[in-house]
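# Breakdown of the fold
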Amino acid sequence: MSKLFVVGTGPGDLKHMTYEARSALEAAEVVVGYKTYLDLIAPLLWGKDVVSSGMRGEVERCREALLIASEGRDVALVSGGDAGIYGMAGLVLELARELQNPPDVVIVPGVSAVQAAAAVLGAPLMHDFAVISLSDLLTSWDAIERRLVAVAAADFVVALYNPRSKGRVTQIEEAQRIMLTARPATTPVGIVRNALRAGEERVVTSLGEMLDHDIDMFTLVIIGNSTTFVDDGGRMITPRGYDAGTRESGPVNRKRSGIQVPSPSGPSSGSESRVPNHSKALMICGTGSDVGKSVLTSGFCRILKRRGLNVAPFKSQNMALNSAVTPEGGEIGRAQAVQAAACCLAPHTDMNPVLLKPNSDTGSQVIVQGKVVGTMSVREYNTYKPKAFRKVEESYARLASAHDFVVIEGAGSIAEINLKAHDIANLRVAKMAGCPAVLVADIDRGGVFAQIVGTLELLEPAERSLVKGVVINKFRGDPSLLTSGIEFVERRTGVPVLGVVPYFTGFRLPEEDSVALTRRKAGTGDRGPGTGKINVGVVKLPRISNYTDFDALEGEPDVALRYIEEPHDLTGLDVLILPGSKSTIADLFFLIEGGLFGAILAFPGQIVGICGGYQMLGKHILDPVGVESSIVEADGLGLLDATTTMLPDKETHQVEAQLLQGGGMVAPKCRSAELNGYEIHMGETLIGEGSRSFAFISSRSGNPVKVRDGAVSPDGRVFGTYLHGIFDNAPFRTAYLNRIRKEKGLLLPVTAGVTDDPFDLLAVHLEKHLDMERLLAICGLGNTEDSPGESPEST
């Protein structure tokens, strides 16, 4: 019987071909193969009948080889690498079943491409590994994607065949994105082109930077696992575990150079130096946005602080227009600054390494570790996310190494299945930190049990295993009414409900973002207007930012503050405030289009502009370099003699300032001229002779300066300032409001006594309604001593 040898010829260089492969070629009368592979073994084809074909002719090639062998001739069908790995062996055996008298098929192994590439790189395949082809010509991309997700989560070393071609350019990008959901960006990656043959090229890089290098069809990519490292010679090594120092169950005590990689004893969260093993953490995540994650995070931070722990907050990515400035001049989400206060810490950019500030329906300003890196569309930001996540890892590692415990806040819902692939804010972060998660659900919006069960059902098993408890938040009424529902949730999901937290009353914390603002109806506030109150209206701009500037005003018993959107909403107001804006010119046009522009000009009461609102109060806004838009110039309200020019560099500072004469007109008899606040703006405003300066800035980010701020109209009725938090200065706020109280014939307030710390109130509230013993056990803090009678000292 004739024979059909299916020969794996190895990587291409004849010296790497096996002895058996050479013998099969010598025995064959006819050699069949893909032309490129035949050219590599041309010296061995002398005297043979050669049948060559092009790419994608695999079926015809195999049929031809079988037909010739069935006619009685010995045939060698050439397959590059190993014939049984993405080669011709399987197809030949399938087709041979169709023949009545098939030839004797002999599979001759060869050195595979993955073996060749591994040898070039060092020893990356010393432990369990998976091989996946990214070509979707024969396999659907859905199937390939499922396999990538599975091997990424299982911590296999992964070898990628067919990573990119002229017609397939996105598959390798998707593969990188999927791997980054389970592994740190610092994971070693080897890229080998033309392994063990002429033109060989070799690159050792990282998962986050692999796409910066050339990758094509002649390339094989090997992605390391959590133990893979790069030695002093630049070789990738995946330890097998022959000694105690390199087993997966213990730490790798081996010198590593070049690329930082994770410790095998922890989750795929970064290198040993990036994510210390001694730190503890808890993620507080949610069934959706505005369920109370930020407030509960603040409360739990204070609970741990009261128990003597050095605790810090962390939110990897925050989308918010309410931001804050750190002492160093970095910009972070307002919620993390509040949480830092709960920990008795100064805010730091590591607490919120990525901040997104939407400036359109499809784009946001991206701020990384406190500094603006650009404005990006959703697609652009998804491409940038691997780099952003490296910064997340860096920031978390620094926090974890400096504190006993980190309380991590998630973002939105953890079950947004359309967003999970790009997640850098929820359970991927919990996995990075190696910490459990607690799920928060909001009963105030209804359907709380569906929220909880639906969220957990949509999670993958590995994700669900991270959720160790549920908190039902914002409850009003008798909690015993929830007993049957809670029992159902625990039976259905296996996750315990740790408590039902009643709606907070008696204290107030700053809201995180305009998501909370949407709950308030236009023209209404917490307290309705009346003759015995100071009625304050804040223009609800489409791109409003830092509306927490007015929390202190809302806290005044005789102030009724509401948000306005229509001209008729101005009726009955004593004070009108134009708040900060992420897009000043666009929001200025909103005023014009909605009729508010004219209504503001006709308004007879007091007018205040903060930041972007201050810019709108001036005569002109210039944008010569297109910082905000293509609109070069816009006319402002003209209520202040001032002109603003938009500049590309953002000013972000904590500031110290003093009221000038103009400020004294606004707040007469202010018992202290000293002011504290912060600046976040991308423009410079120059005032003319028709306005007076409001304040004098003497310090920015701890550095002495001499800068005049703001403008005041000649009669003191209108003023504007860049100082966010201006009304948080109690002497200024009291003096400003007292001026209006006198005009309205209202009683002046008696000086308030010492008030309770709202964070302490919140901590007591949570401890009363949560199963603290169980919660602390989840956190690994079962032996933590409670000291509710003591207030934490500043650190």
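Heads up: these notes are all about the structure in this document.

Conventions adopted
- Residues numbered from 1 in each chain as written.
- Predicted model: local features only at pLDDT ≥ 70, side-chain atom pairs only at ≥ 80, totals over all residues.
- Heavy atoms only, no water.
- Helix = DSSP H or I, 4+ residues; strand = E, 2+ residues; numbered from the N terminus.
- Buried < 20%, exposed > 50% of the residue type's maximum accessible area, 1.4 Å probe, protein only.
- Areas by Shrake-Rupley, 256 points an atom, 1.4 Å probe, with all protein chains shown as cover.
- Pairing = 2+ DSSP bridges.
- Axes fitted to C-alpha atoms, helices over the stretch in contact; angles between N-to-C directions.
- Contact = heavy atoms within 4.5 Å.
- Phe/Tyr/Trp six-rings, centres within 6.5 Å; stacked < 30°, edge-to-face > 60°.
- Lys NZ or Arg CZ within 6 Å of the ring centre and 35° of its normal.
- Core = buried A, V, L, I, M, F, W, Y, C linked by side-chain atoms within 4.5 Å.

Bringing the overall build of the protein chain into the picture now. Helix and strand counts for the protein chain stand at 23 helices and 39 strands. For the protein chain, the proportion of its 795 residues judged to be buried stands at 56%. For the protein chain, the exposed surface amounts to about 33,300 Å²; the carbon and sulfur share of it is 52%.

Here the focus is the sheet that holds strand S24 (residues 467–475). Pairing in this open sheet of 6 strands is parallel, and the strands run S15-S22-S14-S23-S24-S25 from one edge to the other. Only two strands of the sheet have a single partner each, and these edge strands are strand S15 (311–314) and strand S25 (497–502). On average, adjacent strands in this sheet sit at an angle of 20 degrees to one another, irrespective of strand direction. Helix H12 (residues 448–457) contacts strand S23 (437–442) and S24 of the sheet and is inclined by roughly 145 degrees relative to S23.

Before going further, it helps to spend a moment on the environment of Gly-710. Within the fold, Gly-710 resides in the loop between strand S37 (703–709) and strand S38 (711–712). Overall, the relative accessible area of 7% leaves Gly-710 in the buried class. Between the C-alpha atoms of Gly-710 and Tyr-722, which are 12 residues apart in sequence, the distance is 6.4 Å. Residue contacts for Gly-710: discarding those within four places in its chain leaves Tyr-614, Ile-687, Arg-692, Ser-693, Phe-694, Gly-720 and Thr-721.

Here we take up the packing of aromatic side chains. The tally for this structure, following the rule as stated, stands at 14 aromatic pairs. Seen from their ring centres, Phe-694 and Phe-719 are 5.0 Å apart, and the 15 degrees between their planes marks the pair as stacked. Of the two residues, Phe-694 sits in the loop between strand S35 (674–687) and strand S36 (695–700) while Phe-719 sits in strand S39 (residues 718–721), which places them 25 residues apart along the sequence. Like Phe-694, the residue Phe-719 is buried in the burial classification. Look at Phe-719 and Phe-732: their rings are 6.2 Å apart centre to centre, the planes differ by 75 degrees, and that puts the pair in the edge-to-face class. Taken together, the residues span a long stretch of sequence, with Phe-719 in strand S39 and Phe-732 in helix H21 (residues 730–744) at a distance of 13 residues. Note on Phe-732: relative accessible area 0%, which makes it buried. Between Arg-428 and the ring centre of Phe-389, over which it is positioned, the NZ or CZ distance is 3.6 Å. The ring of Tyr-503 carries Arg-476 above its face, with NZ or CZ at 3.7 Å from the centroid.

Before going further, it helps to spend a moment on unusual backbone geometry. With a phi angle near 55 degrees, Tyr-86 is a residue other than glycine that sits in the positive phi range. By the secondary structure assignment, Tyr-86 is in the loop between strand S4 (75–79) and helix H4 (89–96). Exposure remark for Tyr-86: the relative accessible area of 45% places this residue in the partly exposed category. In this structure, Asn-162 is a non-glycine residue whose phi angle is positive, near 45 degrees.

Moving on, we get to the environment of Ile-726. When you line up the elements, Ile-726 lands in the loop between S39 and H21. Of the residues examined, Ile-726 reaches a relative accessible area of 1% and is grouped as buried. Sequence separation between Ile-726 and Tyr-678 is 48 residues, and the spatial gap between their C-alpha atoms is 8.6 Å. Setting aside residues up to four positions removed in sequence, Ile-726 forms contacts with Ile-610, Leu-675, Phe-694 and Phe-732.

What follows covers the nonpolar core. In summary, soluble globular proteins display a tendency toward joint burial of nonpolar side chains. In terms of nonpolar packing, the biggest core is built from 83 residues, with Phe-300 and Ile-408 touching the most fellow members. Of all the elements, helix H10 (residues 378–402) adds the most residues to this core, at 8 residues. Beyond its immediate stretch of four places on either side in the chain, Ile-408 contacts Ala-281, Leu-282, Met-283, Ile-284, Phe-314, Tyr-396, Val-429, Ala-433 and Cys-435. If you look at the next biggest cluster of nonpolar residues, it comprises 64 residues, including Val-608, Ile-697, Phe-727 and Tyr-736.

What follows is about the pairing of strand S9 (residues 188–193). Along any regular strand the residues' side chains alternate between the sheet's two faces. Among the 6 residues of S9, 5 are classified as buried, and the element is accordingly described as predominantly covered. With 5 bridges connecting them, S9 and strand S11 (residues 219–223) associate as antiparallel partners. Bridging from a neighbouring strand, Val-189 pairs with Ile-223 of S11.

Next up on the list: the sheet that holds strand S6 (residues 122–123). Read across the sheet, 3 strands follow the order S6-S13-S12 without closing on themselves; strand pairing throughout is mixed. At either margin of the open sheet sits one strand with a lone partner, and together these are S6 and strand S12 (229–230). Two strands pair when backbone bridges link them, and S6 and strand S13 (residues 236–237) are joined in this way by 2 bridges, in the parallel orientation. Within S13, the position partnered with Gly-122 by the bridge is Met-236.

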